[in-house]
Structures are given as C-alpha cells and as structure tokens.
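# Fold and contact review
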Amino acid sequence: MTPTSAAVSSRGGKSLAEQIAQQRRNEEFRGDFGLPSSEELLSVIETATFTVPGTATMYRGRLYLSTSFVCYMSPNHRGCRITLPLAAVRRIERANSVDSYGLQCYELTITVWHQMSIAFRVPSTSNECNGWCDSLRGQLKSMVEEQQFAKTHHTALARYTLKAFCKTCASEHLLAQSDSAASGDVYADCLGKTFGFPGDPTTQKEKPKTKYWIKYMREYGRNLTVIRRAEFDRLIRVGLPNCLRGEIWELSSGAMHLRFQNRGVYEKHVNDYLDHPGPCAEEIEKDLNRSLPEYAGYQAPEGIDALRRVLNAYSLRDAELGYCQAMNIVASTMLIFMTEEQVFWTLSVMCDRMVPGYYSPSMYGASLDQSIFQSLVEETMPSLARSFKRHDIQLSIACLPWFLTLFVNSMPLVYALRVLDCFFLEGPKILFQIGLAILKINGGALLEAADDGTFMYILKEYYGTLGDSAYPDSKNARARQVTRFHELLYVAYSDFPRITHARIEELRRSHQLRIVHSVEEFSKRTFLRNVIDASGFTKEQLSLLYDRYYSVLFYSRSHQRDGATGLTKSESDEKILLDVIGFARFMYEISSWMRVQIKEAKERTQSHRNVDMADIRNAAVAQANGEKAKGDDITKEVKASLGNPGWFITSLFRYTSRIVPPKSRVSLYDVDSELDMPVSASASADLGSPESADAKSTLSPDGRS
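Small disclaimer: the values here were computed from a predicted structure and weren't measured. (Residues numbered from 1 in each chain as written. Predicted model: local features only at pLDDT ≥ 70, side-chain atom pairs only at ≥ 80, totals over all residues. Heavy atoms only, no water.)

## Things to note about the overall build of the protein chain
A tally of helices and strands in the protein chain yields 33 helices and ten strands. The burial tally for the protein chain puts 49% of its 705 residues in the buried class. Of all intrachain contacts in the protein chain linking residues separated by at least 6 positions in sequence, the fraction that spans at least 24 positions is 67%. (Helix = DSSP H or I, 4+ residues; strand = E, 2+ residues; numbered from the N terminus. Buried < 20%, exposed > 50% of the residue type's maximum accessible area, 1.4 Å probe, protein only. Contact = heavy atoms within 4.5 Å.)

So, in structure tokens, the structure goes:
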C-alpha cells in the first residue's frame, strides 16, 4: 500500500486530514446550536437572508443542514438563531424571487408544525442551494420512512409523535389557556405545581413576565420551532416566569432535542434501576434527605422518590461517571420546575457538555475551572489576588461550591434561580462572570480580610443583602427599585465582557495538562499512603512500581487487537485488571531477567524466520498447558491478586524472588509486536535484579538476588 492510499480512508475516500477537519466542523456546529452528539453537518449555504415573519427585519447569516435539523445563525450580536427539527417541517417550497437589491435569488419557504412560515433568500448564482435542497429532500424522505415503519411495527419511536411531544411542553398549554395562566393551570407535572415555587409571585412580577412571553411565542414560535432573537435572550436575563422556567431551561441547553430523539430511554433506565439497583444506589440514598431540605417538596415522599429515580437512572445511563455529591443539589432544584424526564436529559447535557468533569470521582473539571478562575482574579483584580496570597486565603474554599452547585447552596434560592436562567442560556462563562462580580463588589471589605473565616463571613453577609436596594437614598423611585442582585448582574456583564465561551475553552486547554497531572499525583499519593504492607519496598521503589504499572495499563489499552482485552474494568467494582501480555510488559519494565529472556527470544525468532511458526506456537502452547496442569505459582498468584493492584505490585514479587524465570512463556508471544516496547531510562536501572540470564531470581524487597 502506498503512502497516498494509506492516508485515504475507506469512508467516502476522504483523507485523514479531511476527516479530522470534518470532525472539528461537526463539533463546532453541535456546540453552536446545542445539538446531540449524533448530529453530522451535511450541507451549508454560506449566505442566506432571513426575514422575520410579520416584520421587515432581515438578518444575513448561514443556513445549515444536519442529519436531523435545519439551523440558521446570523453572526452579529443582535442576530437570531433557529434550530428546527426536520420532524417539525410540514412543507418546503423553492421559488424564484428578487431580493431587496433587485437581484435574482431563490426563496426557500419552510412551513413548520405550528403553521408558521420561515423564508430564506439565497443568491441564485450559488450552487450551494441545489446541493442543500437535494440533501434536505433525502433526509426528509428517510425520516418519513422511519416514522412509517415505527407506526406499522409499533416501535418505541412511535411513542412520541410531534403532537404528543408538544403536549409535554408548558408553552402549548400557556398559549391555549392564556387567560388562566396566572392561576397555575398551565404548569408541567413538576414539584412546584404541588408544593409551590420559591419566592413571592408579586415581587417577582410573574404576570408581566408571562404576558411578555405569550406575546413573543405567538409571534416567533415556541418550544421546538422557536426563533431566538435578541429579545429571547433579554427576556431570560430579566428572569423567567415559573410556568415556563423548566421548558426554557430545557430549550436553551439543547436537552429538549435530546429528549425528543431518545423516546422511552428514561423509563427504561428507571425500570432497570427498580429491577437491579446500580452500584451508586446506596450513595445516592445517603444524600436524598440533604437535597434542599428547606423546600417542602423534599420533606414529602413524592419529592424524595422523584429525586431518587432521576439520580439512579442517570447513574445507569453514564456508568463511568455514576453519581457524585452536589449532583443531587442541582437535580433537586430542577425538579421544582421540570418533569423527571426533563431533568434527566438536562442533567445529561450539563454533565456531558456544559460542565464536563465537574461530577467525576476526581472532580477534575471543577478543579480545572477553579484554576482558571484563580488566574482570572489575578488578571482582573491583582491587588485583591495579592492580598489573598499574603494572608494565605484559599479562594477555592468559597468558590468551589459556586461552581459545583451553580450558586444554589450559596445564594438565596430565588436569586440562584436567576443565575441558572443565565447559565442554561449562555453556558459556564456566566459562573466566572458572577464570581468575579461578587469579588469586585466586595473588594474593599475583602482587602481587609486576614483569614478564611473573615472571607467567608463577608460573602455570607453579602448574600443576605441581595434583595436590598442598591441605591436606598436615591431620590429617583426607579433607582430605589434596583436591588443588589440587579447590580451584581450588571457588573458581571458590563465589567467582564471579555469572559466569553471561546476564551473559557482556550483557558481550559491551557490549564488542562497541569490539572490532570496534579489530580494524578494526588491519586498516586493517596494510593501509596494507603498501602498496608509495603513488603520491604521503600517509598521510592513503590512510586516507581506504581508508575510502571499504570504506564503498562495505558499501553495495553492503547494497543488492544484481535479482540484481546489489555485493560478491563469491572462494572460492579471498577477494579483495574492486567492480562498476561500486559503482565509480561510490566515484568519487562522492572526486571533484568525478563529483558534478557525477551532479547534471547527475539534473537531466536530472527534466526528462524523460515521455520514454520505455527508448529513452534503449538508446541509452546502444549508445554504451557502442561505447566498449568502441574500448577504454576506465578499463574496462581496472578489470578489471586488481579483484583487488587496494590497487592499485585507488592506481594507478587515475593514469589518472583524465589522461583525460576518462566522462559516457556516468552515463546507464546510475538515478541516483535506484542512485547517490543522501549525501556525507559529509569526502568533500565537495576532495582536489585541480577543482569545474568541464568539468574534464578528477580527483584526482591531488600535488593538481594
């Protein structure tokens, strides 16, 4: 195979570079529109003019087509964004037209489920339009065939028709019963409907906010077909009404599309949990009664049961992540405004895309963002950062809960909900902006703080005054109505506009290696500190053995082939295992006799290239089977200790210091490919092992042969 042909993939004949570029475009596209990870970008019209229905307002942007969505975005900050599922398309027409400059163009008119027509004008000289329309026609045809198959065979896909799905959205009921919206008839099946919502409806101006949203949705669509203009973002920032908060959270984060595409998945995970509780069930049970205990819904069985189902279902969906403390705080807050299924998918989007790594066992994501926040404080408020360093004040003591619980455990709940409104709209950057604004507003008092206790006390006092007037002595009545929370939001947006999503991603990449290294070092220190029986090894030797062991694990996982499992992970207890080839690599790294044996085996293999290797392998397998029947101390000890890496590293070598090197095992492997790995400089050092090939022993705890 020539280098050129090797670089070209069988998938569509694309080169590796083209595939990587396409993957990057898909990731950027999904991130811009909050789409599921299964979406792939099919076609793009670079220049498309969108006219807002019922107005003369026009936007110029790009028109995208993916496997399940038609999307549009204008680049300017006051633009608009459309994310339209193909399932919501009822009709599409293309006609010749003339744009505002008198130039010939195509007009693409899409009629959606809610009987709203969305029109795009594309230059007729562009060849992109024909390809885009052909791709759209093919995707719609495939979707119709899939839906017909689902209806005919009664599959789970037919569970949610678009009509049935829209019935789960509060906006449909709100528009149908707008006259009774204030009475609470339109709320979804959430805990707030039964136990009430936090705060005073009059103080929070629920009725005026609801009227504004009704007007907006009548003009620009709702739920799956909404057109997101600048006014959409502005209505969210001023605070959502309780009747729509859950739906807008789900829509803004992209979880609504994920729920629509995964029908019945939540119920399946709940049933699996009821039949066979997962490994996190006991840990979840401990935290249920500690989730927003001040809210009445979590003092009743209904709230506790709902939270239990959501957390256990999510732990089964993402078995690797499972469950982590603080996840219950966020989920319990969302359950006040959302159904269980909505919370399940919103939690999935949050953990997978918005705040990745926050709720992992090592919490590396939260540690990473803490490091970024510390650097931003040093950049924007250097005098405050120097004061913290001079008095040895740990910023993470107060700031880590901000990020883990999204301010729910820090601020009064009614204000934390406003932060969540902005969080689901704009992503994690708002957490940094709010945190920096809190430090800046309280900067004068914090400069006087001399210890962690004073630091925490100042912030606690500030949280208690968020509802107070920021200008109580002003003669202007409207100015007196501005609260300290309004001031906080204003400072966050106006004083820190450079904290953007792109910059946060850039900072995450630059800080990632250092944080991952520190997390790994912490795990290593914790492991070595908990070793009960070191078998005479020094700390330096144990540290070296730990590094060799996990480097071999990584190498084995990266070079699995022919279905062999170089690294396995038990779903029940998550114990890390090495296979026999991995064990041979490990011994090659730390023992002199193993390196000598492999060197001799390679020489023998090189001198017998023309010999039938199948006969040699069969003979070696037969010999190995004979040894197994007699009982091999190494095999027994490996099998007995595979489940415990610590015991594997320490106790096993007491056997290897007294037995003959297993020469017969070396011939079982293709030493050129399976065991040929470079010896690191530290591994080549003699850790007390003899260099002679005839040696009868290897590394011993006291360094003797």
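## With respect to the sheet that holds strand S7 (residues 117-123)
Across a sheet, strands are paired by hydrogen bonds formed along the backbone, either parallel or antiparallel in direction. The strand order across the open sheet built from eight strands is S5-S6-S7-S1-S2-S3-S4-S8, with neighbouring strands paired in antiparallel fashion. Single-partner strands in this sheet number two, and they are strand S5 (89-98) and strand S8 (227-228). Sheet topology note: the strand S4 (residues 81-85)/S8 ladder contains two bridges and is antiparallel. Paired with Arg 81 across the bridge in S8 is Arg 228. (Pairing = 2+ DSSP bridges.)

## Description of the environment of Tyr 462
Along the chain, the position of Tyr 462 falls in helix H22 (residues 452-463). On the accessibility criterion, Tyr 462 (2% relative accessible area) is buried. Taking the C-alpha atoms as reference, Tyr 462 lies 7.9 Å from Asn 442; in sequence the two are 20 residues apart. Aside from chain neighbours lying at most four places away, what touches Tyr 462 is Ile 438, Ile 441, Asn 442, Arg 484 and Leu 488.

## Some thoughts on the confidence of the model for the protein chain
Chain-level statistics for the protein chain give a pLDDT mean of 79 and a share of 76% at 70 or above. This stretch, residues 1-11, has a pLDDT under 50; its non-local contacts, to residues over four places away or in other chains, come to eleven contacts. Counting interchain partners and residues more than four positions distant, the pLDDT-below-50 stretch residues 560-575 has 24 contacts. (pLDDT = per-residue confidence, 0-100.)

## Things to note about the packing of helix H11 (residues 265-275) against helix H13 (residues 301-317)
Between H11 and H13, whose axes approach to 8 Å, the crossing angle comes to 95 degrees. In terms of orientation, H11 and H13 fall into the roughly perpendicular class. Contact residues: Tyr 266, His 269, Val 270, Asp 272 and Tyr 273 in H11; Arg 308, Arg 309, Val 310, Asn 312, Ala 313, Leu 316 and Arg 317 in H13. Each residue belonging to the contact of H11 with H13 can be placed in one class, and the counts come to six nonpolar, two polar and four charged. (Axes fitted to C-alpha atoms, helices over the stretch in contact; angles between N-to-C directions. Parallel < 35°, antiparallel > 145°, perpendicular 65-115°, else oblique. Nonpolar A, V, L, I, M, F, W, Y, C, P; charged D, E, K, R; others polar.)

## Things to note about the nonpolar core
If you look at the biggest cluster of nonpolar residues, it comprises 158 residues, and the most contacted ones within it are Tyr 359 and Met 411. Look past the residues within four positions of Met 411 in its chain and what remains in contact with it is Ala 416, Val 419, Ile 434, Ile 438, Tyr 463, Leu 466, Phe 485 and Leu 488. (Core = buried A, V, L, I, M, F, W, Y, C linked by side-chain atoms within 4.5 Å.)

## So, the packing of helix H19 (residues 413-426) against helix H24 (residues 484-495)
Axis separation between H19 and H24 bottoms out at 11 Å; the angle between their running directions is 25 degrees. Classified by the angle their axes make, H19 and H24 are roughly parallel. When the axes of H19 and H24 are compared, the crossing they make is right-handed. For the pair formed by H19 and H24, the contact residues are Tyr 415, Arg 418, Val 419, Cys 422 and Glu 426 on the first element and Phe 485, His 486, Leu 489 and Tyr 493 on the second. When the residues that make up the contact of H19 with H24 are grouped by side-chain class, the tally is six nonpolar, one polar and two charged. (Left-handed = near helix turned anticlockwise from the far one by under 90°.)

## Topic: the side chain of Arg 503
Take Arg 503: it is sitting in helix H25 (residues 501-529). Within the local environment of Arg 503, its side chain forms a polar contact with the side chain of Glu 379, the two groups lying 2.7 Å apart. Sequence-distant contacts of Arg 503, that is, excluding residues within four places in its chain, are made with Leu 376, Glu 379 and Arg 498. (Polar contact = N/O pair within 3.5 Å; in protein donor to acceptor, adjacent residues only side chain to side chain.)

## Concerning helix H15 (residues 340-354)
If you check H15, its first and last C-alpha atoms are 20 Å apart, about what 15 residues at 1.5 Å a residue would give, namely 21 Å. Within H15, 13 of the 15 residues are buried, leaving the element largely enclosed by the surrounding structure. (Expected span 1.5 Å × (residues − 1).)

## Remarks on the pairing of S4
Along S4, four of the five residues are buried, which leaves the element largely enclosed by surrounding structure. In this sheet, S4 lies alongside strand S3 (residues 69-73) in antiparallel orientation, the contact comprising five bridges. For Met 73, the partnering residue across the bridge sits in S4 and is Arg 81.

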